[in-house]
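Summary of structural features
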Amino acid sequence: MEILLPYGGRLQSANIAKLGGRFRCSFPAALADSEINRRLESALSDISKNYSSAKTLVIVNDTFRRTPLNSFLPFLRTKFPEARFAVATGSHKPPDRAGLMKIFGAAFTELEDRILVHNGFDDSAIVDIGTTSRKTPVMINRAVMESDLILAVNSVEPHFFAGFTGGRKSIIPGLASIATIMANHRLAKNPRAAVLRLEDNPLHNDLEEAIDLLKIREIYGIQCITDRNGEIVDLYAGELRTAFKQACTKAEKLYTIKVPRKYKIVIACCEAPLDENLYQLQKAQDNGGLITEDGGVLIVMGACLGGVGSEYFIKLAEKYPTPEAALEKGINDDSFGMHKLIKTARQLRHFRIFYVTELDWSIPAKVYFEPYNDLAVALAQAYEIVGQDAEVAVVEDAGYSVPMVASG
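Residues numbered from 1 in each chain as written. Predicted model: local features only at pLDDT ≥ 70, side-chain atom pairs only at ≥ 80, totals over all residues. Heavy atoms only, no water.

1. Remarks on the overall build of the chain
When helices and strands are counted, the chain shows 14 helices and 20 strands. Its C-alpha atoms give the chain a radius of gyration of 21 Å, near enough to 22 Å, the size a compact globule of 408 residues would have. Structurally, the chain occupies a C-alpha span of about 65 × 45 × 45 Å along its principal axes. In the chain, once contacts between residues fewer than 6 apart in sequence are set aside, the share between residues at least 24 apart is 75%. Roughly 16300 Å² of accessible area belongs to the chain as shown, and the carbon and sulfur atoms make up 49% of that amount. On the chain, the mean spot of the 47 positive side-chain charges and the mean spot of the 50 negative ones are 3 Å from each other. (Helix = DSSP H or I, 4+ residues; strand = E, 2+ residues; numbered from the N terminus. Rg over C-alpha atoms; globule rule 2.2 N^0.38 Å. Contact = heavy atoms within 4.5 Å. Areas by Shrake-Rupley, 256 points an atom, 1.4 Å probe, with all protein chains shown as cover. Lys, Arg positive; Asp, Glu negative; His and termini not counted. Charge placed at Lys NZ, Arg CZ, Asp CG, Glu CD.)

So this is what it looks like as structure tokens:
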């Protein structure tokens, strides 16, 4: 049968002889605006009366998250009319004016003078607030320390090494220095730093400890869960940790897909916004790998029209040109991006990884992937490797969807 999958604003097709399953998350109906406002009023209205809006910092996601800020702006602008807004970029490239207009919508022009775009490389904007027990120096944007009330607006989705996006990630890595981000991300090399995992995840626990260093700050959150179209299907607001934990519980139910078994060929189709660059695309790779059989082939689709996304990543790959070098020599290297090379190298012990992108083929090849720009050609090669009778599993929106083999 022919399948059509989204790819860089168009569709790619391929013929699959035996489709083992086409897996996608299912979501409840979107919340009505009235219900969104009711929940925000219930959780945050009293807080707005107790703090000066001029000393309130609202932290919002950049364009690499499906966070519908416009759904919350009417409430925020009413309850916190003088609040400043900080765009949490972490190590991402800061959004340009067009990106900011995408985040803030029609309100951008009016809010522009109160919008801070974080730059983790700008030491002049950073303050040091301490060190975690895992020796992560915690250096964050001084705007956080200059605020009495912090309100983090997030969407909560599975994350391949932090367990989940959202919550504490607004501040660290969102508003942290690059040195802090690098120190925390070195913990992603630990196998326990994995999707859906929080309790014994050393990277998550390091983030939580870092947030504890903000002892004198009140931190609240609006934590939403969105469907594939960015519509809000659930919402939790209030004290940040409580709201985040509630959102994680619901997100795990909605974003996890139970599948009957592993497959010899898995197509992990990454959709916007995580298909923007190679650095983000690995989230789809990690999720698709969860149901790829040993000896099989994982095909990751993402056009990467924004390029690589991190030059650190490519330079590091040049230092460790093979998966074996990454595992043998790179395990003690805390350079930024090393965790991605190691995760890939671990997967390659079990199956091959094809990348279907618009990038020059030399780029994905540097990070151990076998490059293609056409799904049909990649699939034909996969059949040559594992056999023409292999069943194929397709994971849609694979950057967010987490397929798990059902037990029992």
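Let's pick the thread back up.
2. Quick look at the sheet that holds strand E15 (residues 263-269)
Within a beta sheet, neighbouring strands are joined by backbone hydrogen bonds and run either parallel or antiparallel to one another. Taken together, six strands build an open sheet; the order of strands is E3-E19-E15-E16-E17-E18 and the sheet is parallel. With partners counted over all chains shown, the strands left at the sheet margins are strand E3 (19-23) and strand E18 (370-372), one partner each. Ignoring strand direction, the axes of neighbouring strands in this sheet form an average angle of 20 degrees. Note that strand E17 (residues 352-356) and E18 share three bridges and pair parallel. Each bridged residue has a counterpart across the sheet, and for Tyr355 the counterpart in E18 is Pro371. Contacting E15, strand E16 (292-301) and E17, helix H9 (residues 278-289) runs over the sheet at an angle of about 145 degrees to E16. (Pairing = 2+ DSSP bridges. Axes fitted to C-alpha atoms, helices over the stretch in contact; angles between N-to-C directions.)

3. Notes on the sheet that holds strand E4 (residues 56-61)
Pairing in this open sheet of six strands is mixed, and the strands run E6-E5-E4-E9-E12-E13 from one edge to the other. The strands lining the two open edges of the sheet, one partner per strand, are strand E6 (115-117) and strand E13 (232-239). Each strand axis lies, on average, 20 degrees off the axis of its neighbour in the sheet, ignoring direction. As defined by bridge partners, strand E5 (residues 84-88) adjoins E6 across three bridges and the pair is classed as parallel.

4. Points about the packing of H9 against helix H12 (residues 338-348)
Direction vectors running N to C along H9 and H12 enclose 30 degrees, while the axes themselves pass 11 Å from each other. On the basis of the axis angle, H9 is roughly parallel to H12. Handedness of the H9/H12 crossing: left-handed. Each of Tyr279, Gln282, Gln285, Asp286 and Gly289 in H9 lies in contact with H12, whose residues at this interface are His339, Lys340, Lys343, Thr344 and Gln347. (Parallel < 35°, antiparallel > 145°, perpendicular 65-115°, else oblique. Left-handed = near helix turned anticlockwise from the far one by under 90°.)

5. What to know about helix H14 (residues 375-386)
Here H14 spans 16 Å end to end across 12 residues, near enough to the 16 Å set by a 1.5 Å rise per residue. Buried residues of H14: Leu375, Ala378, Leu379, Ala382, Tyr383 and Val386, and no others. Buried residues of H14, viewed axially, fall in a sector of 140 degrees; they line one side. Where H14 begins, the capping side chain belongs to Asp374, and its oxygen is found 3.0 Å from the backbone nitrogen of Ala376. (Expected span 1.5 Å × (residues − 1). Buried < 20%, exposed > 50% of the residue type's maximum accessible area, 1.4 Å probe, protein only. Arc of directions from axis to C-beta. Polar contact = N/O pair within 3.5 Å; in protein donor to acceptor, adjacent residues only side chain to side chain.)

6. Some words on the environment of Phe369
With respect to the element layout, Phe369 can be found in the loop between helix H13 (362-366) and E18. Relative accessible area serves as the criterion here: at 3%, Phe369 is assigned to the buried category. Look past the residues within four positions of Phe369 in its chain and what remains in contact with it is Leu278, Gln285, Thr344, Ile353, Tyr355 and Pro364.

7. Things to note about the pattern of salt bridges
One pass over the structure, following the stated rule, counts 25 salt bridges. When the shortest N-O distance is used, the salt bridge between Arg241 and Glu208 registers 2.5 Å. Taken as a pair, Arg241 in helix H8 (residues 240-255) and Glu208 in helix H7 (residues 202-212) lie far apart in primary sequence, 33 residues in all. For Arg241, a relative accessible area of 32% gives the class partly exposed. A residue is classified by how much of its surface remains accessible, and Glu208, at 17% relative accessible area, is buried. One salt bridge connects Arg261 with Glu391, and the closest N-O pair in it is separated by 2.5 Å. Note that Arg261 is positioned in the loop between strand E14 (256-259) and E15 and Glu391 in the loop between H14 and strand E19 (392-395), a separation of 130 residues in sequence. Taken together, the salt bridges that share partners define one network made up of Arg22, Arg24, Arg66, Arg228, Glu271, Glu396 and Asp397. (Salt bridge = Lys/Arg side-chain N within 4 Å of Asp/Glu carboxyl O.)

8. Topic: helix H10 (residues 311-319)
Listed in full, the buried residues belonging to H10 are Phe313, Ile314, Leu316 and Ala317. Seen along its axis, H10 keeps its buried residues to an arc of 160 degrees; they face one direction. More than 90 degrees from the buried face of H10, the exposed residues found are Glu311, Lys315 and Lys319. As for H10, its buried residues are in contact with H9, H12 and H13.

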